[in-house]
Amino acid sequence: MTEKVKLIIIGSGPAGFTAALYAARANLAPLLFEGFYSGPAGGQLMTTTDVENYPGFPEGISGPELMEKLRKQAEKFGTKVISEDVISCDLKTHPFVVRTSNAEYQAESIIIATGASAKTLDIPGTHEGEFWQKGVTACAVCDGAAPIFRNQPLYVIGGGDSACEESLFLTNYGSKIYLVHRRDELRASKIMANRVKRNHKIEVLWDSVVTRVEGDHIVRSVTVKNLKTGVEEKREAAGLFFAVGHTPNTAFLSGQIELHDNGYIKVHPGTTLTNIKGVFAAGDCADFHYRQAITAAGTGCMAALEAERWLSAREEQ
Ligand code: NAP
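Residues numbered from 1 in each chain as written. Predicted model: local features only at pLDDT ≥ 70, side-chain atom pairs only at ≥ 80, totals over all residues. Heavy atoms only, no water.

(A) Expanded view of the nonpolar core. Core analysis: the largest hydrophobic core is formed by 31 residues, its most contacted members being L7, I9, F17, Y54, L66 and I111. Secondary-structure elements contributing two or more residues to this core are strand 1 (3–10), helix 1 (14–25), helix 2 (63–76) and helix 6 (293–316). Sort the elements by how many residues they give to this core and helix 6 lands first, with eight residues. Excluding its chain neighbours within four sequence positions, the residues that come into contact with F17 are S12, L32, M67, L70, R71, A74 and V81. (Core = buried A, V, L, I, M, F, W, Y, C linked by side-chain atoms within 4.5 Å. Buried < 20%, exposed > 50% of the residue type's maximum accessible area, 1.4 Å probe, protein only. Helix = DSSP H or I, 4+ residues; strand = E, 2+ residues; numbered from the N terminus. Contact = heavy atoms within 4.5 Å.)

Structure, rendered in structure tokens:
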């Protein structure tokens with residue numbers, strides 16, 4: 001039998017759980033899908049160590065601990081969390097239909113808070129079945145402390161704040177960190193770029209790309225090509241870390257809702273309203289500008305308030 005609910009929240013990061021907290025306190029009894037195979041339940045903070053800029057935690061808090069607290073708080077007021085991936089939605093009928101691989105649900109309103117995932121590049125040697133997770137990763141903070149990286153030369157690709165942050169983090173473990181950037185100027189904020197430039201353990205390889213990763217059972221080398229000279233050099237390496245931006249987790253919505261060209265969900269400025277009445281979007285799946293845990297939580301709150309108002313207005317009709 002198809003379960004019918006007032007509100008379904010898809011996603012379990014700060015946006016999803018904040019939306020759930022507000023919706024549960026408003027007696028909407030939300031169902032929250034936290035995901036299963038699609039990535040860590042709890043979202044990107046689950047792969048972060050210290051969060052120092054989430055208000056209310058002057059000593060900092062670990063990403064997983066913060067998510068655990070958000071989850072408990074949402075559950076305390078009646079949020080039901082389901083550990084499944086939503087594989088498709090039908091937003092063209094009402095009630096909306098939400099499908100997992102096991103069941104189908106009907107919802108009067110939906111908050112999409114599926115976040116974004118770290119991008120990788122199509123470089124030979126980096127794929128699943130090659131050296132992916134055998135020295136190649138997209139998260140220095142999650143994997144950097146692994147023994148295979150200790151006192152070894154490590155490579156980070158990217159030129160943004162993430163690449164700088166990951167390089168700085170890896171100085172705790174590697175013998176030398178090479179930041180490989182395709183241009184001659186970092187995209188990162190000045191403060192991060194300066195920290196990188198001042199750190200004697202980090203060397204930036206400007207105008208460069210990685211063209212190949214090789215090894216035996218783990219990574220042993222990367223080949224770096226200088227785009228200006230065309231010279232390629234095979235260099236000893238134990239790790240390669242992608243830090244080249246993110247992709248919004250919106251593929252499952254294909255054709256159902258208006259997206260920007262880059263795949264992020266379009267919302268009416270200053271709100272979480274999408275082009276479909278009754279469907280709201282919060283957090284990184286609709287934000288390619290701020291992308292912070294606190295902004296995600298803030299838009300999660302907005303989405304719940306907007307969903308509640310929308311549901312009440314319908315009931316009054
Ligand atoms: P980003 O700012 O989009 O930077 C992505 C980097 O990857 C760019 O330098 C880009 O090069 C490079 N890149 C993209 N595609 C590439 C390709 N095909 N080959 C080689 N290089 C490629 O992403 P981000 O660093 O993840 O940051 C995202 C947002 O989060 C930003 O708003 C950032 O400020 C914020 N953030 C903040 C902090 C912090 O404040 N502590 C930490 C992390 C992230 P180009 O520069 O040439 O385009």
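From this point, the discussion proceeds with the structure in view.
(B) Region of interest: the site of the ligand. Taken together, 17 residues lie near the ligand, and D161, S162, R182, R183 and R187 sit nearest. In the model, an oxygen atom of the ligand is placed 3.3 Å from a nitrogen or oxygen of the G160 main chain. When the ligand is considered free in solution it has 910 Å² of accessible area, and contact with the protein chains removes 74% of it. Element by element, the count of residues in the shell around the ligand is highest for helix 4 (residues 161–170), at three residues. Along the lines of polarity and charge, the residues of the shell around the ligand split into three nonpolar, eight polar and six charged. In this structure, the shell around the ligand is formed jointly by two domains, domain 1 (3–117 + 246–316) and domain 2 (120–242), each of which donates at least three residues. (Near = heavy atom within 4 Å. Polar contact = N/O pair within 3.5 Å; in protein donor to acceptor, adjacent residues only side chain to side chain. Areas by Shrake-Rupley, 256 points an atom, 1.4 Å probe, with all protein chains shown as cover. Nonpolar A, V, L, I, M, F, W, Y, C, P; charged D, E, K, R; others polar. Domains from an automatic or database assignment.)

(C) Representation of the domain arrangement of the protein. Domains assigned within the protein are domain 1 (3–117 + 246–316) and domain 2 (120–242). The C-alpha-based centres of domain 1 and domain 2 are spaced at 32 Å.

(D) Region of the structure containing the side chain of S12. With respect to the secondary-structure elements, S12 resides in the loop between strand 1 and helix 1. Of note is the side chain of S12, whose polar atom sits 2.8 Å from the backbone nitrogen of G42. Setting aside residues up to four positions removed in sequence, S12 forms contacts with F17, L32, F33, E34, A41, G42, G43, M67 and A113.

(E) Molecular detail of the packing of aromatic side chains. This structure, assessed with the given rule, holds six aromatic pairs. The ring of F77 has R25 lying over it, and the distance from NZ or CZ to the ring centre is 4.8 Å. Positioned over the ring face of Y178 is R235, at 4.9 Å from the centre of the ring. (Phe/Tyr/Trp six-rings, centres within 6.5 Å; stacked < 30°, edge-to-face > 60°. Lys NZ or Arg CZ within 6 Å of the ring centre and 35° of its normal.)

(F) The pairing of strand 6 (residues 86–90), seen in detail. Here strand 6 pairs with strand 7 (residues 96–100) via four bridges, running antiparallel. Each residue of the ladder has a partner; that of S88, found in strand 7, is R99. (Pairing = 2+ DSSP bridges.)

(G) Molecular detail of the packing of helix 1 against helix 2. Where helix 1 meets helix 2, the closest approach of the two axes is 8 Å, and the angle between their N-to-C directions is 20 degrees. By the angle between their directions, the pair helix 1 and helix 2 is classed as roughly parallel. You can see that helix 1 and helix 2 cross each other, and the crossing is left-handed. Residue-level inspection shows P14, F17, A20, L21 and A24 of helix 1 in contact with helix 2, the latter providing M67, L70, R71, Q73 and A74. Residue classes in the contact of helix 1 with helix 2 are distributed as eight nonpolar, one polar and one charged. (Axes fitted to C-alpha atoms, helices over the stretch in contact; angles between N-to-C directions. Parallel < 35°, antiparallel > 145°, perpendicular 65-115°, else oblique. Left-handed = near helix turned anticlockwise from the far one by under 90°.)

(H) Structural view of the packing of helix 1 against helix 6. Helix 6 packs onto helix 1 with a crossing angle of 35 degrees between their chain directions and a minimal axis gap of 7 Å. Read as a crossing pair, helix 1 and helix 6 show a hand that is right-handed. Residues P14, A15, T18, A19, Y22 and A23 of helix 1 pack against A293, A296, A297, G300, C301, A304 and L305 of helix 6. Residue composition of the contact of helix 1 with helix 6, grouped by class: 11 nonpolar, two polar and no charged.

(I) Summary view of the sheet that holds strand 13 (residues 202–205). One open sheet accounts for five strands, arranged 10-17-11-12-13; its pairing is parallel. Whereas interior strands pair on both sides, the edge strands pair on one side only; in this sheet they are strand 10 (136–137) and strand 13. The strands touched by helix 4 within the sheet are strand 11 (153–157), strand 12 (176–180), strand 13 and strand 17 (239–242), with strand 11 carrying the most contacts at an inclination of about 170 degrees.

(J) Looking closely at the pattern of salt bridges. Evaluated as defined, the whole model comprises 11 salt bridges. Note that R71 is salt-bridged to E34, the shortest N-O span being 2.5 Å. In this pair, R71 is assigned in helix 2 and E34 in the loop between strand 2 (31–33) and strand 3 (50–51), connecting sequence segments 37 residues apart. For E34, a relative accessible area of 11% gives the class buried. Linking D207 and K228 is a salt bridge whose minimum nitrogen-to-oxygen distance equals 3.6 Å. On the criterion of sequence distance, the pair formed by D207 in the loop between strand 13 and strand 14 (208–215) and K228 in the loop between strand 15 (219–226) and strand 16 (232–236) is long-range, its members being 21 residues apart. Through salt bridges that share partners, E34, R71 and E75 make up one connected network. (Salt bridge = Lys/Arg side-chain N within 4 Å of Asp/Glu carboxyl O.)

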